[in-house]
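Notes for the structure review
Spelled out, the chains give:
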Amino acid sequence: MRTLISPSLPPLFSLHLPRPSLFSRALRASRYPLTASAFSLNRLPTNPHHSSASRRELQTEAASKPSSAPPGEIHVVVGPMFSGKTTTLLRRILSERESGKKVAVIKSDKDDRYCAESIVTHDGEKFPCWALPDLSSFKERFGFDAYRNQLDVIGIDEAQFFGDLYEFCREAADKEGKTVIVAGLDGDYLRRRFGSVLDLVPIADTVTKLASRCEVCGKRASFTLRKTEERETELIGGAEVYMPVCRSHYVSGQGVLETARAVLDASSQRNATRDLEATSLSPPF
Ligand SMILES: Nc1ncnc2c1ncn2[C@@H]1O[C@H](COP(=O)(O)OP(=O)(O)O)[C@@H](O)[C@H]1O
Ligand SMILES: Cc1cn([C@H]2C[C@H](O)[C@@H](COP(=O)(O)O)O2)c(=O)[nH]c1=O
Ligand SMILES: [Zn+2]
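Procedures and definitions
Residues numbered from 1 in each chain as written. Chains lettered and ligands numbered in written order. Predicted model: local features only at pLDDT ≥ 70, side-chain atom pairs only at ≥ 80, totals over all residues. Core = buried A, V, L, I, M, F, W, Y, C linked by C-beta atoms within 7 Å. Buried ≥ 20, exposed ≤ 12 C-beta atoms within 10 Å, placed from the backbone. Helix = DSSP H or I, 4+ residues; strand = E, 2+ residues; numbered from the N terminus. Domains from an automatic or database assignment. Contact = placed C-beta atoms within 7 Å. Nonpolar A, V, L, I, M, F, W, Y, C, P; charged D, E, K, R; others polar. Pairing = 2+ DSSP bridges. Axes fitted to C-alpha atoms, helices over the stretch in contact; angles between N-to-C directions. pLDDT = per-residue confidence, 0-100. Arc of directions from axis to C-beta. Near = placed C-beta within 6 Å. Expected span 1.5 Å × (residues − 1).

Topic: the nonpolar core
Ile 154, Leu 165, Cys 169, Val 180, Val 182 and Val 245 are the most contacted members of the largest nonpolar core, which totals 46 residues. Broken down by secondary-structure element, the contributors of at least two residues to this core are strand E1 (73–78), helix H3 (85–98), strand E2 (103–108), strand E6 (153–157), helix H6 (165–174), strand E7 (179–184), strand E11 (223–226) and strand E12 (242–245). Tallying contributions element by element places H6 first for this core, with five residues. Two domains share this core, each providing at least three of its residues, namely domain 1 (73–210) and domain 2 (214–276). Those residues in contact with Cys 169 that sit more than four places away from it in its chain are Ile 74, Val 180, Val 182 and Leu 200.

Structure, rendered in structure tokens:
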């Protein structure tokens, strides 16, 4: 199958890492070598602006965090359909697993294309996954103990379909030390924000927007055009329903839709004629 992802296209957001300040170096150093008790607020210089109640609150919060869980990470991969989101997720998951990390992948059970128990790229690559109605059921299904002690990296595909995406990712990364790699559509076929994928941006470590190739002109495609007449936001489908397009062909989508409809009509016309011919050739019952 043709590869439509251009490796030369840069991600929308690039990562700039400034020199760490003295403060940030001190903060980073405090994360790993210090135990929870060494990181006790009692040892911090007293801030005269903190009331004793708020000091107690902060102290309780610090004590309740598991001392062994280093902070996790959130990486978000978005883009239109056919831009390589699932492929990217798969590559990252495989590379984490090769480096010795324990991984698990979750996808929405709404997506019943290809295979129920695997994430599958449009090129047919597969990886076993948990197909779930929501993310909050994952820990119980995976096992609370196994989740806490034996899982480092969580991949989430079709993230736009999960209503509890934000809460799950924040808790997993902030409190449970997990690395979460999220792949999903940033926008729907009308280019409206899709689900809560974009809500993750402020709490993410990296955000990558991928592009596909416009099916009409071959240029960079950042949007997904729906070729059919359905109007609901959620409509599971692949290349028979959607196509990646550039900005100008998204805007002139009506024309593209008409072309696509004509192609579909012609092909169903051809199929109908073939069926008719096959029926008239078959012997009568
Ligand atoms: N219009 C298309 N129809 C079918 N497959 C396509 C189309 N455009 C691209 N592809 C293939 O899909 C691959 C990306 O698949 P995938 O990672 O599943 O994308 P995404 O998860 O972003 O939808 C590309 O490498 C390309 O080979
Ligand atoms: C644009 C758009 C897409 N969907 C559905 C169609 C597919 O089932 C998934 C996206 O899959 P992919 O891995 O990104 O190829 O989402 C939808 O329900 N509504 C839309 O507007
Ligand atoms: Zn185009």
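A word on the domain arrangement of the chain
Along its sequence, the chain is organised into domain 1 (73–210) and domain 2 (214–276). One C-alpha centre belongs to domain 1, the other to domain 2; they are set 27 Å apart. Across the boundary between the two partners, domain 1 contributes 12 residues, which contact 12 residues of domain 2. When its residues are assigned to classes, the side of domain 1 that touches domain 2 shows four nonpolar, two polar and six charged.

What about the sheet that holds E6?
An order of E5-E2-E6-E7-E1-E8 is seen for the six strands of this open sheet, with the pairing classed as parallel. Looking at strand neighbours, the two that pair on one side only are strand E5 (130–132) and strand E8 (206–209), the edges of this open sheet. Strand after strand, the sheet turns through a mean of 20 degrees between neighbouring axes, direction not considered. With four bridges joining them, E1 and E8 adopt parallel strand pairing. Across the sheet, Val 77 pairs through a bridge with Thr 208, a residue of E8. Contacts from H3 reach E1, E2, E6 and E7, with the element oriented near 160 degrees to E7. Its contacts with the sheet put H6 on E1, E6 and E7, and the angle it makes with E7 is roughly 155 degrees.

Focus on the confidence of the model for the chain
Overall, the predicted model of the chain reaches an average pLDDT of 78, with 69% of residues at or above 70. Per-residue pLDDT stays below 50 along residues 1–67; that stretch engages in 34 contacts with residues further than four places along the chain or on separate chains. Taken together, the chains of this predicted complex give a pTM of 0.74 and an interface ipTM of 0.97.

Some thoughts on the environment of Asp 188
With respect to the helices and strands, Asp 188 occurs in the loop between E7 and E8. In this structure, the C-alpha to C-alpha distance between Asp 188 and Gln 160, residues 28 residues apart in sequence, is 9.2 Å. Among all residues touching Asp 188, those that are not within four sequence positions of it are Phe 194 and Thr 233.

Things to note about H6
Within H6, burial applies to Leu 165, Phe 168, Cys 169, Ala 172 and Ala 173. One side of H6 holds all its buried residues, which, seen down the axis, span an arc of 110 degrees. At its buried positions, H6 is contacted by E1, E6 and E7.

A closer look at the site of ligand 2
Close to ligand 2 lie 15 residues, the nearest being Met 81, Asp 188, Tyr 189, Thr 224 and Ile 236. Among the residues making up the shell around ligand 2, the classes are represented as six nonpolar, four polar and five charged. The residues that make up the shell around ligand 2 include at least three from each of domain 1 (73–210) and domain 2 (214–276).

Some details on the environment of Val 216
With respect to the secondary-structure elements, Val 216 resides in the loop between strand E9 (212–213) and strand E10 (220–221). Spatially, the C-alpha atoms of Val 216 and Val 245 are 6.9 Å apart, while their sequence positions differ by 29 residues.

Considerations on H3
With 14 residues, H3 should reach 20 Å at 1.5 Å per residue; the first-to-last C-alpha distance of 20 Å fits that figure. Of the positions making up H3, those classed as buried are Lys 85, Thr 86, Leu 89, Leu 90 and Ile 93. All buried residues of H3 project into a common sector of 130 degrees when viewed along the axis, lining one side. Projecting away from the buried face of H3 at angles above 90 degrees are the exposed residues Ser 95 and Glu 98. Residues of H3 that are buried in the fold lie against E1, E2, strand E3 (118–120), strand E4 (126–128), E6 and E7. Gly 100, located one to two residues past H3, shows a positive phi value of around 95 degrees.

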